Amino acid sequence: MASPANRDDSEGIFRRLARNAAANPFVVPGVAMTGYAFYTMTVSGFTKDVAAFQRGQRNRVAAQLATIAVAIAGVMYNDHLKQERKRKAAEEAAVAAGSSSGSGNF
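Residues numbered from 1 in each chain as written. Predicted model: local features only at pLDDT ≥ 70, side-chain atom pairs only at ≥ 80, totals over all residues. Heavy atoms only, no water.

Draft legend 1. Highlighting the pattern of salt bridges. Scanning the model with the defined rule gives 4 salt bridges in all. In this structure, E11 and R19 form a salt bridge, with 2.9 Å as the shortest nitrogen-oxygen distance. One salt bridge connects E84 with R87, and the closest N-O pair in it is separated by 2.7 Å. A residue pair is termed a helical-turn pair when its members lie 3 or 4 positions apart in one helix, as E84 and R87 do in helix α3 (residues 50-101) at 3 residues. (Salt bridge = Lys/Arg side-chain N within 4 Å of Asp/Glu carboxyl O. Helix = DSSP H or I, 4+ residues; strand = E, 2+ residues; numbered from the N terminus.)

Draft legend 2. Spatial organisation of the environment of I72. Relative to the assigned elements, I72 resides in helix α3. Measuring from C-alpha to C-alpha, the distance between I72 and V27 comes to 9.8 Å, with 45 residues separating the pair along the chain.

Put into structure tokens, the structure is as follows:
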């Protein structure tokens, strides 16, 4: 399988995780909440506590839903920031091109 052109194979797993967590920091607590809900669900399954097991399942699903929603919102926000930076760079380039062409007309 071919690797994507923008993938850096020399980047380790921990650096990649840190970079992705910095790009979308609210996903990490969502993953922790999902893990904790799964843990409580597992413990209650071993102790045969049906009500706690059901709560654990509901909490896990809610945590997963929240994590996915936050991840999607983070990606959309980062895309918005990239588009704003491109727009500002294009405006600055247009202003610089316009001011340099008319500077000799005194």
